[in-house]
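# Tertiary structure, described
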Amino acid sequence: MESDPRPEFRGPFSVLGPEEAAEFAGLGHLATYGTGDALLRQGDRSDRVHVIVAGRVRIVRLPRHGEEVLLALRGPGDVVGELAAIDPAPRTATVTAIEDVSLLTITGRAFRDFLRGHPHLLLAITRTLVTRLRESDRRLVEGRVEDTRTRVARQLLELAVRYGKVADHGLDLDVPLSQEQLASWVGASREAVSLALRDLRASEGILTGRLRITIIDVDVVREAAFGVDTRGLQSGRQLGARHVRSPGDPVRTQR
């Protein structure tokens, strides 16, 4: 299903001025996908690029043998499929909507031509790709040297920065995520991730429910992630611009 409203660009595309943004929007069409719909499929040879305007998607790789591996979550302002527009090789992952998604779809050729004429956007997207590469390298190293509890705690902090929503009992990670998906993301077994989450619950750092995790004490999660007690370094009420309880506040638990 397609719609015509002009999108509001975020992320690297926020460097575009009003006229440039209108020109860019005119290169493609705005489409919507429902929860569970596949935007891109691993192995396809299309070179279309999708800029997410609203909603979120998950990117997974499907090994020849074994369960799917969660690579990333993407949301408004993110671009997916850009690698195929640069390098005409089969898609290396499948992109699926985890909620209703609105996105601008552009052909690879139009995308490349626009970048040539707008080097400031090319630089912004290059910076985004560099950040993703660094994250990939870091995960590779952490998978070899860090224990599962540490990797899980760090992943929860990353999710909190991007998807955390303030609630009465803490900071809800507003993204549906199963233990299996979290395990594939951090490169551990489901059993090891389950033990790590159990430990963080016992430490009164998080609450868990079906496809939901809430951070109730960010200091506990930070300590698990980095091996140091951060209570004396920074208020436990802040994680970026978002707030959770202070160290002295009572902990609300759900048993």
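Just above sits the structure.
Summarised in this report is the structure supplied together with it. (Residues numbered from 1 in each chain as written. Predicted model: local features only at pLDDT ≥ 70, side-chain atom pairs only at ≥ 80, totals over all residues. Heavy atoms only, no water.)

### Digging into the overall build of the chain
Counted only if it meets this: A run of H or I in DSSP becomes a helix once it reaches four residues, and a run of E becomes a strand once it reaches two; helices and strands are each numbered from the N terminus. Buried, partly exposed and exposed residues are distinguished by accessible area as a fraction of the type maximum, computed with a 1.4 Å probe on protein chains only: under 20%, between the cut-offs, and over 50%, respectively. Pairs of residues are marked as contacts when any of their non-hydrogen atoms sit within 4.5 Å. Here the Shrake-Rupley method, with its probe set to 1.4 Å, supplies the accessible areas, and only the displayed protein chains count as covering residues.
Helix and strand counts for the chain stand at eight helices and 13 strands. The 255 residues of the chain split such that 44% are buried. In the chain, 68% of the contacts between residues at least 6 apart in sequence involve partners at least 24 apart. Surface summary for the chain: the accessible area is close to 13,600 Å², and the carbon and sulfur share equals 50%.

### Quick word on empty space enclosed by the protein
Taking a probe equal in size to a water molecule and rolling it over the atoms shows the remaining empty space. Stated precisely, the cut-off is as follows: Any residue with an atom within 4 Å of a point lines the site, the site being either a cavity, points on a 1 Å grid over the protein atoms alone where a 1.4 Å probe fits but cannot get out, or a pocket, an open set with protein on both sides within 12 Å along at least 5 of 7 lines. Grid points are joined across faces, edges and corners, and a volume is the space filled by probe spheres set on the points. In this classification, the charged set is Asp, Glu, Lys and Arg, the nonpolar set is Ala, Val, Leu, Ile, Met, Phe, Trp, Tyr, Cys and Pro, and all remaining amino acids, among them Gly, are polar.
One pass over the full model with this rule turns up one cavity of 30 Å³ or more. Here the largest cavity is characterised by a volume of approximately 40 Å³. Taken together, L159, L173, V175, L177, L211, R212 and I213 make up the full set of residues lining the largest cavity. Partitioned by chemical class, the residues of the lining of the largest cavity number six nonpolar, no polar and one charged.

### Section: the sheet that holds strand 6 (residues 69–74)
Applied cut-off: Criterion used throughout: strands pair if DSSP finds at least two bridges between them. Under this scheme, a helix contributes an axis fitted over its contacting stretch, all axes are lines through C-alpha atoms, and angles between N-to-C directions fall in the 0 to 180 degree range.
Strand order in the open sheet formed by four strands is 3-8-5-6, and the pairing between neighbours is antiparallel. Edge positions in the sheet fall to strand 3 (38–40) and strand 6, since each of these pairs with one other strand and no more. Adjacent strand axes in the sheet meet at a mean angle of 30 degrees when their direction is disregarded. Summarising the sheet, strand 3 and strand 8 (residues 94–97) pair through two bridges and their orientation is antiparallel. Residue pairing for strand 8: L40 is matched across the bridge by V95.

### With respect to the packing of helix 5 (residues 148–163) against helix 7 (residues 190–202)
Filter applied, for reference: Here the angle decides the label: under 35 degrees means roughly parallel, over 145 means roughly antiparallel, 65 to 115 means roughly perpendicular, and every other value means oblique. Whether a crossing is left-handed or right-handed is set by the direction in which the near helix is turned from the far one by less than a right angle, anticlockwise for left-handed and clockwise for right-handed.
At a minimum axis distance of 9 Å, the contact between helix 5 and helix 7 shows a crossing angle of 70 degrees. When the axes of helix 5 and helix 7 are compared, the pair comes out roughly perpendicular. Viewed along their axes, helix 5 and helix 7 form a crossing whose handedness is right-handed. On helix 7, the residues touching T148, R149, V152 and L156 of helix 5 are A192, V193, A196, L197, D199 and L200. Partitioned by chemical class, the residues of the contact of helix 5 with helix 7 number seven nonpolar, one polar and two charged.

### Concerning helix 5
What counts here: Here the expected length of a helix is defined as 1.5 Å per residue gap, with one fewer gap than residues.
Taking 1.5 Å per residue as the helical rise, helix 5 with its 16 residues ought to reach 22 Å, and the 22 Å between its terminal C-alpha atoms agrees with that figure. Most of helix 5 sits inside the fold, with twelve of its 16 residues counted as buried. Turning to helix 5, its buried residues are T148, T150, R151, V152, A153, R154, Q155, L156, L157, L159, A160 and Y163.

### Things to note about the pattern of salt bridges
Formally: Any carboxyl oxygen of Asp or Glu that lies within 4 Å of a side-chain nitrogen of Lys or Arg is treated as forming a salt bridge with it.
Taken as a whole and assessed by the stated rule, the structure comprises eleven salt bridges. Note that R56 is salt-bridged to E99, the shortest N-O span being 3.0 Å. Of this pair, R56 sits in the loop between strand 4 (49–54) and strand 5 (57–61) while E99 sits in the loop between strand 8 and strand 9 (101–106), and the two are 43 residues apart along the sequence. Overall, E99 belongs to the partly exposed group, its relative accessible area being 25%. Salt-bridge contacts for E146 lead to R154; the nearest nitrogen and oxygen are separated by 3.6 Å.

Limitation: the analysis is restricted to geometry and does not speak to function.
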